[in-house]
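Structural description and commentary
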Amino acid sequence: MTADATLGAPASSPASGAGEERTDVEGVAVPTGHLIGGRRVGAGAGFEVRSPIDWEWKLAEFPEAGAVEVDAAVDAARGAFPDWAALGPEGRAPYLLRLAAGVERRAAEIAQVETVDNGSLLEAMRERVIPRGGMNFRFFAEYAVSRLAEPSRILHGGERNTVRHDPAGVVAVSTPWNAPFMLATWRVGPALAAGNTVVLKPPEWAPLTCSLLGDLAEEAGLPPGVLNIVHGGPETGAMLTGHAGVDRIAFTGSPATARTVGAAAAAELTPVSFELGGKSPFLVFADADLEAAARTAAYQYDNSGQVCLAGTRLLVERSCLDAFMERFLAEVEAIRVGDPREAATTYGPLIHPRALSRVEAHVEKALAQGAALRFGGKSSGGLYFPPTLFTDVPSGADILREEVFGPVLTLQAFEDDDEAIALAESTDYGLATMIFTGDESRAGRLSRRISAGTIWVNCFYVRDLETPFGGTKHSGIGREGGRHSFDFYCDVKTVCERTAAFAAAGTGGGS
Ligand code: NAD
């Protein structure tokens, strides 16, 4: 769109100059320009952002970055890299801890903006999701200090082997709209802590809180160019992830887009970390705590089903089907769909009219392919869609395999462990699996046989940032979390030194 655009004039201070436009969202002044080399640039119209709470509510206009802005952002990141890398984990930690503190201090404001921008529940944003964004900086800043260096090892011949984790360079981050702030910080946090500089492309359907992240970075005193932000849609994303100056690509989104990103990455041989979609199975065995299973199953409608990890395929042991259904229906009955700012609301709207059309198309197709609609299935006005369940689904129906990314679940019964595993394994996805059972040995057996990045047994959504996160099959490539993040965001080097030679030359050892 703005491939030949000229960068806005340099601003003398963050509060003035071209690209310094802000939009007022719930009393918060959100910047609507790109952030490149510490300057807000690129004023002017590109794309509109509207609130899914009420689609008539226009929140902002953002410029769309073209080649000029993307080049400038990558150059700025490249320029800032040597000094940021040279600080080392201890030198970088104070900046990132200040950034974490800024997120924590402004969590309520960020939550308000996120809710209006993408329709997520205000309370969940304020209490859990935005604070987790702060943790993404705090945890990796501290982890880098304590864990980035690996112990060295003396080999039999007297050589010393040391494994170094040195920052890779410029990291391109592209993330989706269903949890924009949390998903961006989950990539930006470890990338910066490892000593890289970053160019972030926020999701065009909900870019506001990622744009605020630029303010938080400035407030934390991050040197210009360490974090750059370019706004835009798929074209901007493609320019960034296909850029020859990028050393790592962290992409979160759909498998379809990942194929495009992967092809561009292959041309430049740029390493990728892909966190993609899911169609996760939610298994309930007769020996489980059925109250907990039903409550957690109903929670799979959270965020209007726009959760990559959601267990959208309920697989229930036939002998407890009636008992489970009775409890599940009671839980669903209590769900309130509405304005996500209100305390009584369980979940809010779908993100965009195109998301609504996609969900409706999935429902239509499921009906056409012979699935029985147990409840829901039709928009309740605006972008609000009720909890929906399909039962008696023919085994070949697409609704059993395709990610809907809306509040639509299917229910299937199974007789035994083997059938449960076969059903669980019957998609191309492998992001998560939930197992509700009272039998620990069964949990162990199933965990070995089911392919998934995360298996939650008798729980859901519990995250420890030290453990790996990612997906198998079409749900992703690579793992992040703890040292796995640093394995990706760093060049991992083995340095093998014959130290006797240092002594002979009188220069001493050291690494
Ligand atoms: P999408 O793939 O359409 O878009 C994701 C982001 O990629 C957007 O910001 C988009 O502008 C950008 N993009 C588009 N083309 C690009 C390109 N060539 N290079 C770089 N960026 C590009 O996904 P979506 O529909 O917006 O998001 C929903 C999907 O994301 C679902 O499949 C969901 O399961 C998945 N998701 C996965 C995780 C996870 O952690 N595994 C988390 C959240 C969402």
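Residues numbered from 1 in each chain as written. Predicted model: local features only at pLDDT ≥ 70, side-chain atom pairs only at ≥ 80, totals over all residues.

Our next topic: the overall build of the protein. Along the backbone of the protein there are 15 helices and 24 strands. In terms of C-alpha radius of gyration, the protein reaches 24 Å, essentially the compact-globule figure of 24 Å for 511 residues. Taken along the three principal axes of its C-alpha coordinates, the protein extends 80 × 65 × 40 Å. Residues classed as buried in the protein amount to 51% of the 511 residues present. Within the protein, counting contacts between residues at least 6 apart in sequence, those at least 24 apart form 70% of the total. (Helix = DSSP H or I, 4+ residues; strand = E, 2+ residues; numbered from the N terminus. Rg over C-alpha atoms; globule rule 2.2 N^0.38 Å. Buried ≥ 20, exposed ≤ 12 C-beta atoms within 10 Å, placed from the backbone. Contact = placed C-beta atoms within 7 Å.)

What holds strands together in a sheet is hydrogen bonding between their backbones, with the strands either parallel or antiparallel. Read from one edge to the other, the open sheet built from three strands follows the order β7-β8-β24, with strand pairing classed as antiparallel. Single-partner strands in this sheet number two, and they are β7 (153–154) and β24 (490–498). In the sheet, strand β8 (residues 159–167) pairs with β24 via nine bridges, with the strands oriented antiparallel. Counterpart to P167 in the pairing with β24 is C490. Against the sheet, helix α14 (residues 482–489) contacts β8 and β24, and its axis sits at roughly 85° relative to β24. (Pairing = 2+ DSSP bridges. Axes fitted to C-alpha atoms, helices over the stretch in contact; angles between N-to-C directions.)

Contact geometry of helix α2 (residues 88–105) with helix α6 (residues 208–219) gives a least axis separation of 8 Å together with a crossing angle of 130°. The orientation of α2 relative to α6 falls into the category oblique. Handedness of the crossing formed by α2 with α6: right-handed. Across the interface between the two elements, L99, G102 and V103 of α2 pack against L216, A217 and E219 of α6. Classifying every residue of the contact of α2 with α6 by side-chain character gives four nonpolar, one polar and one charged. (Parallel < 35°, antiparallel > 145°, perpendicular 65-115°, else oblique. Left-handed = near helix turned anticlockwise from the far one by under 90°. Nonpolar A, V, L, I, M, F, W, Y, C, P; charged D, E, K, R; others polar.)

The domains assigned to the protein are domain 1 (22–50 + 57–276 + 475–493) and domain 2 (281–457). Here domain 1 and domain 2 have C-alpha centroids that lie 31 Å from each other. Of the residues lining the interface, 13 residues belong to domain 1; the matching set on domain 2 comes to 17 residues. Listed by contribution, the elements that provide at least two residues to the side of domain 1 that touches domain 2 are α3 (107–118) and α4 (122–147). Taken together, the residues of the side of domain 1 that touches domain 2 sort by class into five nonpolar, seven polar and one charged. (Domains from an automatic or database assignment.)

We now examine the site of the ligand. In the vicinity of the ligand lie 29 residues, with G237, G253, T257, G277 and C308 positioned nearest. With four residues, helix α7 (residues 234–241) is the largest single contributor of residues to the shell around the ligand. For the shell around the ligand, a count of residues per class yields 12 nonpolar, 14 polar and three charged. Both of domain 1 (22–50 + 57–276 + 475–493) and domain 2 (281–457) provide at least three residues apiece to the shell around the ligand. (Near = placed C-beta within 6 Å.)

If you check helix α5 (residues 180–193), its first and last C-alpha atoms are 20 Å apart, about what 14 residues at 1.5 Å a residue would give, namely 20 Å. In terms of residue burial, α5 counts as a mostly covered element, since 14 of its 14 residues are buried. Taken from the residues just after α5, G195 is the one with a positive phi, measuring 105°. (Expected span 1.5 Å × (residues − 1).)

So, on to the confidence of the model for the protein. When pLDDT is averaged along the protein, the result is 94; 95% of the residues meet or exceed 70. Here residues 1–17 is modelled with pLDDT under 50, and outside its nearest four sequence neighbours on either side it reaches 43 contacts, counting other chains as well. (pLDDT = per-residue confidence, 0-100.)

Let us now look at the environment of Y301. By secondary structure assignment, the location of Y301 is in the loop between α9 (290–298) and β15 (313–317). Considered as a pair, Y301 and G406 are 105 residues apart in the sequence and their alpha carbons are 7.9 Å apart. If near-sequence neighbours (up to four positions away) are discounted, Y301 is found in contact with I335, Y347, P387 and P407.

On to the sheet that holds β15. Spatial strand order, β16-β17-β18-β15-β14-β20-β21: seven strands in an open sheet with mixed pairing. Every other strand in the sheet has two partners, leaving β16 (372–375) and β21 (454–457) as the edge strands with one partner each. Strand-to-strand twist across the sheet, computed as the mean angle between neighbouring axes with direction ignored, equals 25°. Sheet topology places β15 next to strand β18 (residues 408–414); five bridges connect them, and they run parallel. By the bridge assignment for β18, R313 is matched with T410. Here helix α11 (residues 353–368) sits on the sheet and contacts β16, β17 (388–391) and β18; the angle it forms with β18, its principal contact strand, is near 35°.

Judged by nonpolar contacts, the single largest core of 150 residues is most densely connected at L99, V198, V199 and L283. It is α4 that contributes the most residues to this core, 10 residues altogether. Counting only domains with at least three residues in this core, you end up with domain 1 (22–50 + 57–276 + 475–493) and domain 2 (281–457). (Core = buried A, V, L, I, M, F, W, Y, C linked by C-beta atoms within 7 Å.)

Regular strands place side chains that alternate from one sheet face to the opposite one. The side-chain alternation of β21 yields one buried face, formed by T454 and W456, and one unburied face, formed by I455 and V457. Both strand β20 (residues 432–436) and β21 contribute to a ladder of four bridges, which runs parallel. Opposite A432, over in β21, you have T454 as the bridge partner. Handedness of the β-α-β unit built from β20, helix α13 (residues 440–449) and β21 comes out right-handed. (Right-handed = clockwise from strand over helix to strand, strands pointing away.)

So, about unusual backbone geometry. Backbone geometry places N303, a non-glycine residue, at a positive phi of 55°. Along the chain, N303 falls in the loop between α9 and β15. Positive phi, normally seen in glycine, also occurs at N458, with a value near 60°.

Its location among the elements puts T472 in strand β22 (residues 472–473). For the pair T472 and V393, spaced 79 residues apart in the sequence, the C-alpha separation amounts to 25 Å. Not counting chain neighbours up to four residues away, the residues in contact with T472 comprise G430, S451, A452 and G453.

What follows is about the pairing of strand β13 (residues 272–275). Side chains V272 and F274 of β13 all project onto a buried face; the interleaved residues S273 and E275 project onto the opposite face, where all are buried too. Where strand β12 (residues 248–252) and β13 come together, four bridges link them in parallel fashion. Residue pairing for β13: I249 is matched across the bridge by V272. In this sheet, strand β23 (residues 476–477) lies alongside β13 in antiparallel orientation, the contact comprising two bridges. Bridged to F274 within β23 is I477.

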